[in-house]
Structure formats: structure tokens, C-alpha cells
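Letter by letter, the chains look like this.
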Amino acid sequence: EKDVRNMVNAFPQILCQASDLLEAKVNYIVNELGYPFSIFVSFPSCLVFTLQRMKLRLGMIPFMEGKVKAISSLLGCSDQHFVSHYVNRHPDGPKHWEELKKQILYE
């Protein structure tokens, strides 16, 4: 309860999200990817990004070879920066990025 209160105080815009969307985003990051819930306490604004954006960008982590320090750096940057800084740095990055986009856009 205290963590949620701190999150809302830090970024009240998360209250504009539908509860089912918030639940889906939290489930994806915590249950599917295995990140701790505390990630939302330190970066509550990530909950305003679409689930599609989360899946696309975080789906590239295996191709980044440990170069990711925080998911905030993946979610918060522009599309152009993400592609040039993360996708294009790996030889198979662009191929994997296109495959992810096809898979996630048509879910």
C-alpha cells in the first residue's frame, strides 16, 4: 500500500489508466519478465506506456547483451533513439526487431 501511494504521489497520471491495463502491464513485467514490483516504485511513469511498446522494447533485451542498465532507458527514449542505440548495435538486431513488431502488432 505504501509503495502504491508513493507511486501515485510521484506520478499521478497512472490513475488515468484503466485497472485492467495496469494489471496487464504489471503482470507482464513482474510475472512474465521476472522484474521485481519495486521497479514501478522507482519508475512509476513506465505504467503510462502501452503494453505493446513494453513488449516490443523489452523483447529486445536478449539481443542487447547486457547493455541495459534500466528499463526506463528502453521505454523512455524516442523511437529513433531506441532503434539507433539499441536495435542497430547488434548484427541480428534489425531482423529480430522486425520479427517482434510483426508478432506483437498482430497479437
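Asker: Break down the environment of V87 for me, citing the residues and quoting the values.
Answerer: Among the structural elements, V87 can be located in helix α6 (residues 79-87). Note on V87: relative accessible area 1%, which makes it buried. Separated by 27 residues in sequence, V87 and M60 place their C-alpha atoms 7.4 Å apart. Apart from the residues lying within four places of it in its own chain, the contact partners of V87 are M60, F82, G93, P94 and W97.

Asker: Can you lay out the pattern of salt bridges for me, pointing to particular residues and giving the numbers?
Answerer: With the rule as written, the count across this model stands at three salt bridges. Across the pair R5 and E1 runs a salt bridge whose closest N-O atoms are separated by 3.7 Å. The exposure class of R5 is partly exposed, given its relative accessible area of 45%. When the shortest N-O distance is used, the salt bridge between E98 and K101 registers 3.1 Å. Taken together, the positions of E98 and K101, both in helix α7 (residues 93-105) and three residues apart, correspond to about one turn of that helix. For K101, a relative accessible area of 25% gives the class partly exposed.

Cut-off values and rules
Residues numbered from 1 in each chain as written. Predicted model: local features only at pLDDT ≥ 70, side-chain atom pairs only at ≥ 80, totals over all residues. Heavy atoms only, no water. Helix = DSSP H or I, 4+ residues; strand = E, 2+ residues; numbered from the N terminus. Buried < 20%, exposed > 50% of the residue type's maximum accessible area, 1.4 Å probe, protein only. Contact = heavy atoms within 4.5 Å. Salt bridge = Lys/Arg side-chain N within 4 Å of Asp/Glu carboxyl O.

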